[in-house]
Amino acid sequence: MLSGGESNVAVRRFAKSVLFAWAVCLVACQGDGLPELPEGTDPVRITIGRLDQDLFHAPPDSMAAASRKAHATYGDFYRIYIEDILQGAPVDDPRLPLVLHRFVLDPDWSAAQEAADSVLGDLELQRALFEKAFTRLKALFPDSLTPRIVAFNSGYNYGLYPTDSVLGIGIEWFIGKDHPVIGYLAQESFPQYMKQRMEPAMLVPSAMKGWLLVHYTQPVDDAELLAHMVETGKAMALLDALLPEVEPHLKLAFSKDQLAWCEANEYEVWKALAGKDQLFSKKGEDIGRWMNDGPFTNGLPRESPGHLGEWIGLRMVQACMKANPELTFAQLFAINDPREILKHYKPR
């Protein structure tokens, strides 16, 4: 099983990926006044597989049987979970039951699982919101695949793991920032701004954003900063349409104060970006400055959020859609030249 050091290395690697720029958060708003689903849309039905509970709720001395049952239930994703997420042992290794036995009895991971069971319960609020989001996605993209959603305990290796057909969620990442388990996480791998987002309210938008980034955006390897911003901005605009119940600052993984700062300083941010000729840069340091996560954006006041380029990209896409009210999301995502989006963005 993973040692604490190995787990931290895996988390550092994951935290740097664009997938988890930690744009995570959810507000499970209930009651009247929420936007209606598109008329005539057949609702998508979602169930959330509880791989975490399948293992942690099984008797520790029955891990061999629990593992076989989980493999039969989750198919190849179980292999991915064992070999890639936990990095424990090959799924057909006869030592796997012992590895799982140690994992579920580890005090830290079992405490995190107990917190997930207590805080998140049966995930019914999250399941209902996933249903709304994927029903809206199916209405906008009729040929879209609705993934199987599986919750797992990763030992803080992965918060999200989207595959071609499965949206995997590391349940322990959402037990609440004040839980003692979160306090034990090493500061060098889990800085405070990251811990602040480890809230139950962050689960659904985090997962939806991860799914959209993986399955709906175009590759931007070796592309200029503008392309990174616009592609992520498309995903964020779509996320807005899929989760209208969620407050904007939460979908962006900003605080309310950070989003207010962005809105008050949009033109100054734009000048800092465009004036230094970074918009068309392909340099890793320029792209990282605006797209990578962090407590703030380097070169800007500490009131600024990290990954600020996502918000600028969203603002570009919003300007484009406002200028072209008949533009569908399918048409938006088919635009290959980010300059076609940029030309509508005129911050004041």
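These remarks concern the structure in this document. Predicted model, so just to flag it, every value in this text is computed and none were measured.

**What about the packing of helix 3 (residues 63-74) against helix 5 (residues 96-105)?**
The interhelical angle for the contact between helix 3 and helix 5, taken along N-to-C directions, is 100°, at an axis separation of 8 Å. The orientation of helix 3 with respect to helix 5, classified from their angle, is roughly perpendicular. Of helix 5, the residues touching helix 3 (which contributes Met-63, Ala-64 and Ser-67) are Leu-96, Pro-97, Leu-100, His-101 and Val-104. Residues of the contact of helix 3 with helix 5, tallied by class, amount to six nonpolar, two polar and no charged.

**Considering the packing of helix 4 (residues 76-85) against helix 5**
To characterise two packed helices, one gives the angle between the axes of the helices and the distance between these axes. Relative to each other, helix 4 and helix 5 sit at 70°, their axes nearing to 12 Å. Comparing their axes, helix 5 and helix 4 come out roughly perpendicular. Helix 4 and helix 5 meet at a crossing whose hand is left-handed. Judged by residue contacts, Tyr-78, Tyr-81 and Ile-82 of helix 4 engage Leu-96, Leu-100 and Phe-103 from helix 5. Residue composition of the contact of helix 4 with helix 5, by class: six nonpolar, no polar and no charged.

**Here's the deal with the packing of aromatic side chains**
When we look at a pair of aromatic rings, we describe it by the centre distance and by the angle of the planes. One pass over the full model with this rule turns up 14 aromatic pairs. Aromatic side chains Phe-141 and Tyr-216 sit 5.2 Å apart centroid to centroid with 65° between the ring planes, which places their arrangement in the edge-to-face category. Taken together, the residues span a long stretch of sequence, with Phe-141 in the loop between helix 7 (124-140) and strand 2 (148-152) and Tyr-216 in helix 10 (residues 203-216) at a distance of 75 residues. Each of the two residues, Phe-141 as well as Tyr-216, counts as buried. Aromatic side chains Trp-173 and Phe-190 sit 5.9 Å apart centroid to centroid with 50° between the ring planes, which places their arrangement in the tilted category. Here the residue Trp-173 occupies a position in the loop between strand 4 (166-170) and helix 8 (180-184), and Phe-190 occupies one in the loop between helix 8 and helix 9 (192-195), the gap between them amounting to 17 residues. Through a chain of ring-to-ring contacts, the aromatic side chains of Phe-77, Tyr-78, Tyr-81 and Phe-152 assemble into a single cluster.

Cut-offs used in this document
- Residues numbered from 1 in each chain as written.
- Predicted model: local features only at pLDDT ≥ 70, side-chain atom pairs only at ≥ 80, totals over all residues.
- Heavy atoms only, no water.
- Axes fitted to C-alpha atoms, helices over the stretch in contact; angles between N-to-C directions.
- Helix = DSSP H or I, 4+ residues; strand = E, 2+ residues; numbered from the N terminus.
- Parallel < 35°, antiparallel > 145°, perpendicular 65-115°, else oblique.
- Contact = heavy atoms within 4.5 Å.
- Nonpolar A, V, L, I, M, F, W, Y, C, P; charged D, E, K, R; others polar.
- Left-handed = near helix turned anticlockwise from the far one by under 90°.
- Phe/Tyr/Trp six-rings, centres within 6.5 Å; stacked < 30°, edge-to-face > 60°.
- Buried < 20%, exposed > 50% of the residue type's maximum accessible area, 1.4 Å probe, protein only.

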